[in-house]
Amino acid sequence: MFRTALRNVLAHKARLLMTVLAVTLGVAFVSGTLVFTDTLSKAMSNQSAKSYEGVAVSVTDHGPGRSEDGQKQGDPGISQQTLEKIKAVKGVDSVSGRVTGFAGVGDENGKLIGSGWANAGSNFAPVKDGKDPRYTFTDGSGPVRDDQVALDKDSAAKGGYKTGDKIRVATNGPVKEFTLSGVFTTEDGAVNAGGSLVLFDTKIAQELYLQPGFYSELSVAAKAGATADQLLADIKPLLGESSNARTGAALAAEQAKFIEKAMQGMSQGLLIFAGVSLFVGIFLIYNTFTMLIAQRTKELALLRAVGAHRGQVKRSVLAEAAVVGAVSSVIGLVSGIGLAVAMRSAMDLFDAKIPAGALIIAPTTVVAALVIGVVVTMLAAWLPARRTAKIAPVAAMGSAHLPATMKSLVLRNSIGSVLAVVGVGLVLLGAGQKSDGRTTIAGGAFFLIIGLFVLLPMLSRPVIALIRPLLEKVFGVSGKLAALNAVRNPRRTAVTAASLTIGLTLVTAMSVIGITVGQAVDKASVQNIKADYKVTMAGEGMNLDKSVLPALAKGKGVTAVSPKTMEYVKLGGGHQGVNGVDPAALPQVLTVRTTAGDLASLGQGKLMVSAEEAKKKGLAVGSSLDVQYDDGQKGKLQVGALFENKGQLSDYVLDNKILASHNEMQYLPEVLVKTDGGSSKANQQSVIDALGKNPAVKVSTQEEIRNEMAGEMNMALNVMYGLLGMALIIAVLGVVNTLAMSVYERQQEIGMLRAVGLDRGKVKNMIRLEAVVISLFGAVLGIGVGVFLAWAGGRTIAGAIPGYELVIPFDRIGIFFALAGLVGVLAAMWPARSAARLNMLTAIKTE
């Protein structure tokens, strides 16, 4: 029986081609993901370990703590005195002190080099030989004067800078000009992430990022014979409460675990999409083996008649599937390795450099690829094999196309209906539970989709019947035959359409939620902004220096400037986030609608609270709240106004002068600016000039804010579309496979149609229209279910997104329908051409 199975695989290798391709694509996705993440994890771990080479002990400090009354206490970092004490410890060879923060360098056009969030600054910390062990200089040397800096090699190349050039460097304060003393290479993670690294003289770095005479980190090197553990034990007693010491080996191991965990998250995300592709492939494999077995029913019946029992027939079919799965897995594994190499190269397009390292092909990856390919193929072939083994030899020899019994159809439809109803019920229940209903909706979606797949054969007849009159009217005989052929074998049509249904369900659901969230965020970010410009750091969420406020106020054409600081103070018994604003400028830069009280009360030192928060806390205009500020001082604040919170402000708003008087180091993420004459290129340039043409500061118009939001959402959706593209490709292969094998089955019928006058063009149209009908059937169901799940999922996040209202993107849905139709046309090209080229006499004689 095994030899028979092997001969059958070789005899039908052309018809198994699409199955091999489907499994190959799925396995390639899985193995490529595993190889890529393993390689990336190993390379980054090696890079991290390399950065700790020569570091016996690392000392870090988390800054000053707070006393019970909220007062800051303790040093801002590790003092120079502590560094000297550690130097004197027996076995210590050298100690390097580090301070770090943000630093950005502009190119010749003033634009920031590198990614804002990854641009960093630090200090040049030479040891005994005058070199800093963390950096290797390829030109020049480290900065030793106040007006010198060194720059990483890649950033210097991007800016066209060489040693001796003047470069403009921005930190959180005003931009300053320095002389480039040298260019270096480094294993620093920020640089490898596409950012830049600027090295200052230690004194300047301390002034910029911490405080003169203090460090945020110490790297301790050991003398020969001294152990890291002994040094750690001797150093710990010398440290303050806010400092922590660990061995370099322990830090490297911890970093390796962190990287591994991050890679696992990436791997799991990609494997979900690989799983979708394999799930879609199951339908193609199922259809292939169902049709192959139907074509070989008499052959298998003959085997039963000459003595083969049911188990042998079933195992022979499963053996065929195992062979196909094994071959596909090997091809998929090789393809996956190639995919991993391509993904690694593609990272350069995003300006993210991958550390050098060998390609990692773990034994678990090889085993996983082989097992997944074989198991998926055999699982998909199990039901056709089981069904075939149950057919009696005499019945099978009497008919090559045995219809499903009424009992099996009733049972199938009953099970499908129950599953679909349970699924819909769970989805509706989850939607009613709001933010707590996401797991319930996920479970309901699973039952709904499975139930829908079971019901697809029953649904295909009425759905396709609706468009049959249109097909007949527009395409005549070809259209009528296409509609009839599409419902001739409902199970086959259903399984073929199911693959498209899965893909379009996911794509539609993500599109609807993504576009709805995008529009809600767009409304929240721009709709209530009166300001012409928003000033932020290039790195998202970074802190602007307070010097930007007077600089902007002096800008040409600037009529109003309001900071939007964020402070966490103890208010009414709990810690609350409070926005600090300029009361006089606020009405000019934001639309704030009060529901009670007066907006002008902000200028009188009173608190403004959102109406929703006031309702929760039982507050009203005139209510008094105890407050404790950042410096520990206590007082009382009176509520002066309640307002509708549209997402631009926190629930508590106060005059920033009050907050600033209690905190010299305020967090200032953005400033809103109004100019005379509104937004224009000239006014935008005036704001940029007022800030000293600082490359690290971004001045955005309302349109740029909107485009940035839309760009991020579209990028996320495009990534999702790309990852789901594999599933859609497999769906296309499924349609091609079904049509090709259907044409083979219907050779005699096609020959008869040709003989009675149907020309080749109409035969082609018949096959094409059949493919389009099947594709559109899958699209209708997929898009419908996708919109339903998007509505339910949206209900769970609506409370967290102000202004969330479901938006159905009819333009994209129209595109999805058009693409589904195009899929049908493209999938039918080869089968239609084969059908049209059949010799009618030969076809008529075919059994």
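Predicted model only: the values in this text are computed from it and were never measured.

Rules used in this analysis
Residues numbered from 1 in each chain as written. Predicted model: local features only at pLDDT ≥ 70, side-chain atom pairs only at ≥ 80, totals over all residues. Heavy atoms only, no water. Axes fitted to C-alpha atoms, helices over the stretch in contact; angles between N-to-C directions. Helix = DSSP H or I, 4+ residues; strand = E, 2+ residues; numbered from the N terminus. Parallel < 35°, antiparallel > 145°, perpendicular 65-115°, else oblique. Left-handed = near helix turned anticlockwise from the far one by under 90°. Contact = heavy atoms within 4.5 Å. Nonpolar A, V, L, I, M, F, W, Y, C, P; charged D, E, K, R; others polar. Core = buried A, V, L, I, M, F, W, Y, C linked by side-chain atoms within 4.5 Å. Buried < 20%, exposed > 50% of the residue type's maximum accessible area, 1.4 Å probe, protein only. Pairing = 2+ DSSP bridges. Phe/Tyr/Trp six-rings, centres within 6.5 Å; stacked < 30°, edge-to-face > 60°. Patch = residues over 30% accessible without salt bridge, like charges linked within 9 Å, V, L, I, M, F, W, Y side chains within 5 Å. Areas by Shrake-Rupley, 256 points an atom, 1.4 Å probe, with all protein chains shown as cover. Salt bridge = Lys/Arg side-chain N within 4 Å of Asp/Glu carboxyl O.

Enquirer: Give me the lowdown on the packing of helix α14 (residues 438-475) against helix α15 (residues 477-488), citing residues and values where you can.
Expert: Think of two packed helices as two axes; the pair is described by the angle between the axes and how far apart they sit. Contact pair α14 / α15: the axes reach a minimum separation of 7 Å and the direction vectors enclose 165°. With respect to their mutual orientation, α14 and α15 come out roughly antiparallel. The handedness of the crossing between α14 and α15 is right-handed. Here Ser460, Arg461, Ile464, Arg468, Leu471, Glu472 and Phe475 of α14 come into contact with α15, specifically with Val477, Ser478, Gly479, Lys480, Ala483, Leu484, Ala486 and Val487. Grouping the constituent residues of the contact of α14 with α15 by class yields eight nonpolar, three polar and four charged.

Enquirer: Explain the nonpolar core to me, using residue names and the numbers behind them.
Expert: If you look at the biggest cluster of nonpolar residues, it comprises 40 residues, and the most contacted ones within it are Val280, Phe283, Phe453, Leu456, Ile464, Ile502 and Leu789. Considering each element in turn, this core owes the most residues, nine residues, to α14.

Enquirer: Before we move on, could you go through the sheet that holds strand β17 (residues 558-563) and cite the residues and values that matter?
Expert: Here four strands make up an open sheet; going across it, the order is β17-β25-β16-β26 and the pairing antiparallel. For this open sheet the edge positions go to β17 and β26 (697-701), each flanked by a neighbour on one side alone. Adjacent strand axes in the sheet meet at a mean angle of 25° when their direction is disregarded. Of the strand pairs in this sheet, β17 and strand β25 (residues 671-675) are connected by five bridges, and their pairing is antiparallel.

Enquirer: Tell me about the packing of aromatic side chains, residues and numbers included.
Expert: Using the criterion set out here, one finds seven aromatic pairs in the structure. Plain terms: the ring middles of phenylalanine 446 and phenylalanine 447 are 5.7 Å apart, the flat faces sit at 75° to each other, and that makes the pair edge-to-face. When its relative accessible area of 32% is taken as the criterion, phenylalanine 447 is described as partly exposed. Aromatic rings pair up to connect Phe124, Tyr135, Phe137 and Phe184 into one cluster.

Enquirer: Can you lay out unusual backbone geometry for me, pointing to particular residues and giving the numbers?
Expert: Unlike most non-glycine residues, lysine 693 shows phi in positive territory, near 50°. Tracing the backbone through its elements, the reader meets lysine 693 in the loop between α21 (681-690) and β26. Exposure remark for lysine 693: the relative accessible area of 49% places this residue in the partly exposed category.

Enquirer: Please give an account of a nonpolar patch on the surface that cites residues and values.
Expert: Nonpolar side chains collect at one region of the surface, where Ile815, Leu819, Leu822, Val825, Leu826 and Met829 lie side by side and expose about 540 Å² of accessible area between them. No other element matches the five residues that helix α25 (residues 810-827) contributes to the nonpolar patch. On the secondary structure map, leucine 826 appears in helix α25.

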